[in-house]
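Structure at a glance
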Amino acid sequence: MIEFKVGILGAGKIAGVIADTLNKLDAFCPYAIASRDIDRANEFGDTYNIEKRYGSYEELVNDPDVELIYIATPHSHHAEQAKMCINAGKPVLVEKAFTADMESAIEVMKLSEDKNVFCGEAMWIRFLPMYLRLIDIIEKGTIGKVNTITCSLGYDLRKKERVIKPELAGGAMLDLGVYPINLFTMIYNAPPASIGTSCVKLDTGVDAQEILQFNYKNGGSAHAFVTMMFKADNNAVIYGDKGYIEVKNINNPEEIIVYDREKAIADIKPPEKQISGYEYEFIAARDAIITGKFETALMPHKDTINIMTLMDNLRRNWKVK
Ligand SMILES: NC(=O)c1ccc[n+]([C@@H]2O[C@H](COP(=O)([O-])OP(=O)(O)OC[C@H]3O[C@@H](n4cnc5c(N)ncnc54)[C@H](OP(=O)(O)O)[C@@H]3O)[C@@H](O)[C@H]2O)c1
């Protein structure tokens, strides 16, 4: 079978999850790994059975056989690395948060469009079958008009260097807040019309916890609690005027229960063949690349830029570093 060759840039934690996923995914392979340190690349290559190992990111970008580069470094480095890939004509899937700020997000997306080289934000929740079902249920009017969404997202990331350091674009918003904001955007399909927030910072100057309260033009609202200090329940409830929907684990839904005004009417679980959930963003990227598109329909450039802009404004208001 011909396999779609993915090159991984940065041999960190999520890179390992992705390499494992690609090994289990039909018609894909983790073909190359690049690290700043060749020993780390070799170790990663041995662990995940990867053929090509590079001790610099540039060597990966220059490998003519790589069909897609997946960037898995701290957000602070995404923009420069994405531009390096696009300038070399290499399609690129960039981990969230897409970049450290709005200006660089716009610059990268413009370069992708000018050169017609695929560039996507690896916002994996957008591609999950569970969320596609959820959006379909909402669009069919099963719970009526959505009035309010409420959710939490929290992990204990206090020991994670790239999350606590301002110079690596740390903070809860770029690392975690980006998920509820994407969820709200998927459901309301619009940016918020008005916003209320509160933020608690770490000593390093990055944002550690925040409360977000968004109101939308159509009368709907959304609330999120985000923290990098501890593990939260990470669930959501979407309230409509004819029922509501519970989502267990907004990061990778394990169960979605749909209620009418009285009782549960559907209980949805992930597809049995789902690997980790990360496979769907790679399938969508490959399909966009082979059909000559510079973006996917499920995570269009405009949404990445709008969400980066929103997060930039919030972070500026909070005066985080
Ligand atoms: N989609 C998801 O569910 C998910 C989950 C976790 C993380 N992420 C995203 O993926 C990215 C990486 O996160 P991670 O948790 O995997 O991080 P990590 O474990 O710290 O790994 C990041 C890698 O980036 C490389 N790197 C390059 N310059 C660096 C620098 N100056 N400082 C530190 N590392 C540097 C390093 O690889 P080499 O030394 O090998 O070059 C390092 O191993 C982040 O943008 C994060 O938001 C996404």
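This text goes with the structure placed above it.
Regarding the side chain of Thr-227
Along the chain, Thr-227 turns up in strand S10 (residues 221–227). A distance of 2.9 Å separates a polar atom in the side chain of Thr-227 from the backbone nitrogen of Met-229. Sequence-distant contacts of Thr-227, defined by excluding residues within four places in its chain, comprise Leu-153, Gly-154, Tyr-155, Leu-176, Ala-208 and Gln-209.

A look at the nonpolar core
Core analysis: the biggest nonpolar cluster contains 110 residues, and Leu-134, Ile-238 and Ile-245 have the highest contact counts within it. When residues of this core are assigned to their parent elements, the largest contribution, 12 residues, is made by helix H8 (residues 172–188). Counting the residues that make up this core, at least three belong to each of domain 1 (4–123 + 277–296) and domain 2 (129–269). Residues contacting Ile-238, with those up to four places away along its chain left out, are Leu-134, Ile-138, Ile-143, Val-146, Thr-148, Ile-149, Ile-187, Gly-243, Tyr-244, Ile-245 and Val-247.

Regarding the site of the ligand
The environment of the ligand is formed by 24 residues, the closest being Ser-35, Arg-40, Tyr-57, Lys-96 and Tyr-278. The side chain of Tyr-179 places a nitrogen or oxygen atom 3.2 Å from an oxygen atom of the ligand. One of the side-chain nitrogen or oxygen atoms of Tyr-278 is found 2.5 Å away from an oxygen atom of the ligand. The protein chains hide 85% of the 890 Å² of surface that the ligand would expose on its own. Breaking the shell around the ligand down by element, the ones donating at least two residues are helix H1 (13–24), helix H4 (75–87) and H8. No other element matches the 3 residues that H4 contributes to the shell around the ligand. Among the residues forming the shell around the ligand, the class breakdown is 9 nonpolar, 7 polar and 8 charged.

Details of the pattern of salt bridges
A complete count under the given rule lists 18 salt bridges for this structure. For Asp-136, the salt bridge identified is with Lys-140, shortest N-O distance 2.8 Å. For Asp-136, a relative accessible area of 34% corresponds to the partly exposed category. Between Glu-254 and Lys-248 there is a salt bridge, and its shortest N-O distance comes to 3.4 Å. For Glu-254, a relative accessible area of 40% gives the class partly exposed. It is possible to trace a salt-bridge network through shared partners that takes in Glu-80, Lys-83 and Glu-107.

Overview of the environment of Ile-275
With respect to the element layout, Ile-275 can be found in the loop between strand S14 (264–268) and helix H9 (279–290). By relative accessible area, which is 30% here, Ile-275 ends up partly exposed. In this structure the C-alpha to C-alpha distance between Ile-275 and Leu-22, which are 253 residues apart in sequence, comes to 9.2 Å. In contact with Ile-275, other than residues within four places in its own chain, are Thr-21, Lys-24 and Leu-25.

With respect to the sheet that holds strand S9 (residues 207–215)
Ordered by their spatial adjacency, 8 strands build an open sheet running S8-S9-S10-S7-S11-S12-S13-S14, and the pairing between neighbours is mixed. Each end of this open sheet is capped by a strand with a single partner; those strands are strand S8 (194–201) and S14. Going across the sheet, the axis of each strand differs from the next one's by a mean of 10 degrees, ignoring polarity. Inspection of the sheet shows S8 paired to S9 by 8 bridges, in the antiparallel sense. Residue pairing across strands places Val-200 opposite Gln-209, the latter belonging to S9. Contacting strand S7 (146–154), strand S11 (236–240), strand S12 (244–248), strand S13 (255–259) and S14, helix H6 (residues 129–139) crosses the sheet at an angle of about 175 degrees to S12.

About the thresholds
Residues numbered from 1 in each chain as written. Predicted model: local features only at pLDDT ≥ 70, side-chain atom pairs only at ≥ 80, totals over all residues. Heavy atoms only, no water. Helix = DSSP H or I, 4+ residues; strand = E, 2+ residues; numbered from the N terminus. Polar contact = N/O pair within 3.5 Å; in protein donor to acceptor, adjacent residues only side chain to side chain. Contact = heavy atoms within 4.5 Å. Core = buried A, V, L, I, M, F, W, Y, C linked by side-chain atoms within 4.5 Å. Buried < 20%, exposed > 50% of the residue type's maximum accessible area, 1.4 Å probe, protein only. Domains from an automatic or database assignment. Near = heavy atom within 4 Å. Areas by Shrake-Rupley, 256 points an atom, 1.4 Å probe, with all protein chains shown as cover. Nonpolar A, V, L, I, M, F, W, Y, C, P; charged D, E, K, R; others polar. Salt bridge = Lys/Arg side-chain N within 4 Å of Asp/Glu carboxyl O. Pairing = 2+ DSSP bridges. Axes fitted to C-alpha atoms, helices over the stretch in contact; angles between N-to-C directions.

Limitation: the analysis is restricted to geometry and does not speak to function.
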